[in-house]
Amino acid sequence: MELHLTLVFNGLATGMLIFLLAAGLSLIFGLMSVLNFAHGALFMFGAYMGTWVYILIGGWDSPWGNVNFFIGMGAAALIGVILGYVVERFTVRQVYGNHLRQILITTGVMLVVGELVKVFWGPNLIRVVQPEFLTGNFMVGDVRLTYYRLFIIIFSTTILVLLLFMLKKSKLGIVVRAGVENSDMIQALGVNVRKVFTLVFVFGTVLACIGGYMWGPYQGQVNPGMGLDLMLIAFIVVAIGGLGSVAGSAVAAVLVGLSEAYMAYYFPPGSLAVNMLIMATVLLIKPTGIFGAGR
């Protein structure tokens, strides 16, 4: 029982981190019909920028180390706003409605951003330490669990709730969903759909950058290959959950996180294979994904 509780807790933490990456991808991919292959590179750039600021202002060794952690998170979010706007405005906006060109241009952005990371921070990994207030463990019965993983679960769950509320209840969410179905009609009603889509793209990029920043302390380091490694997992999550479904991405991310936790313990070489098998099974049964709408 202690072993299973530990694996479930670790799987939930991993899954909710993956959700931060996959949620933005799902919004951009499902709601805007944009195949954004640069999403993983933006995730990585946010991780590096936030970590660099975190270390620059004193990092974990400073008396203000706990505050520095959140300043680093703010820096990751800020670079997400900048990168999201620049990428959407000058590349993606030119290829709306053309999936082949989207793949080509976002792959180019992925390569450029990946090289920029190496230019600015070098090809080597950077060690990252958790802030003091999130280090250490707590006990649940006889099971030792970590505070940082608990923080990830609570933080990501809060983001999920706010995101669902925004999409389902707010005027912006209604406009975004309506704009995807019939952008000409929304435009005729006086709504600038392009600006709304830019906002959605920026928001998805911010989620990815924050997720990348939080991934550093979780793994103990950031490296130039992290974006590509997690991009495949993010696409698997989006495919399982259903395009455009944030709730589906959350469920799929938790499923993927749990499967990875169990496979990493029982059979490490099968971690990726089991997720591919889950995706194939789900798509064979329901091609639109668990929560995907057929259209």
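Structural data are supplied above this passage.
Residues numbered from 1 in each chain as written. Predicted model: local features only at pLDDT ≥ 70, side-chain atom pairs only at ≥ 80, totals over all residues. Heavy atoms only, no water.

(A) The arrangement of helix H10 (residues 246-266) in detail. With 21 residues, H10 ought to run about 30 Å at 1.5 Å a step, and its terminal C-alpha atoms sit 30 Å apart, in line with that. All of the buried residues in H10 are Val246, Gly248, Ser249, Ala250, Ala252, Ala253, Val254, Val256, Gly257, Ser259 and Ala261. For H10, the capping residue at the N-terminal end is Ser245, with a side-chain oxygen 2.9 Å from the backbone nitrogen of Gly248. (Helix = DSSP H or I, 4+ residues; strand = E, 2+ residues; numbered from the N terminus. Expected span 1.5 Å × (residues − 1). Buried < 20%, exposed > 50% of the residue type's maximum accessible area, 1.4 Å probe, protein only. Polar contact = N/O pair within 3.5 Å; in protein donor to acceptor, adjacent residues only side chain to side chain.)

(B) Seen up close, the packing of aromatic side chains. The final tally for this structure, using the stated rule, is 21 aromatic pairs. When the centroid spacing of 5.6 Å and the interplanar angle of 55° are considered together, the rings of Trp215 and Tyr218 count as tilted. Of this pair, Trp215 and Tyr218 both sit in helix H8 (residues 193-219), 3 residues apart, which is roughly one turn of that helix. Put simply, the rings of Tyr54, Phe69, Phe70, Phe133, Tyr148, Phe151, Phe155 and Tyr213 touch in pairs and so form one group of aromatic residues. (Phe/Tyr/Trp six-rings, centres within 6.5 Å; stacked < 30°, edge-to-face > 60°.)

(C) Representation of the pairing of strand S3 (residues 143-146). Burial along S3 is one-sided: the face carrying Val143 and Leu145 is buried and the face carrying Arg144 and Thr146 is not. In terms of strand pairing, strand S2 (residues 137-140) meets S3 through 4 bridges, oriented antiparallel. Note that in S3 the partner of Phe138 across the bridge is Leu145. Connecting S2 to the antiparallel partner S3 that follows it, the hairpin turn spans 2 residues, and Gly141 within it adopts a positive phi of roughly 65°. (Pairing = 2+ DSSP bridges.)

(D) Layout of the environment of Lys286. With respect to the helices and strands, the residue Lys286 is situated in the segment after helix H11 (271-285). Residue class for Lys286 comes out partly exposed when judged on its relative accessible area of 32%. Once the C-alpha coordinates of Lys286 and Leu160 are considered, the two residues, 126 residues apart in sequence, prove to be 24 Å apart.

(E) Looking closely at the pattern of salt bridges. As enumerated under the stated definition, the model contains 2 salt bridges in all. Two residues, Glu88 and Arg93, come together in a salt bridge whose shortest N-O distance is 3.2 Å. Take Arg93: its relative accessible area is 24%, and that puts it in the partly exposed class. Between Glu115 and Lys118 there is a salt bridge; the shortest N-O distance is 3.8 Å. Placement of the pair is Glu115 and Lys118 together in helix H4 (residues 99-121), with a separation of 3 residues, close to one helical turn. For Lys118, a relative accessible area of 38% corresponds to the partly exposed category. (Salt bridge = Lys/Arg side-chain N within 4 Å of Asp/Glu carboxyl O.)

(F) View of helix H9 (residues 226-241). The end-to-end C-alpha distance of H9, which contains 16 residues, comes to 22 Å, matching closely the 22 Å that a straight helix rising 1.5 Å per residue would cover. Within H9, 13 of the 16 residues are buried, leaving the element largely enclosed by the surrounding structure. With its phi angle positive at about 110°, Gly242 sits one or two positions after the end of H9.

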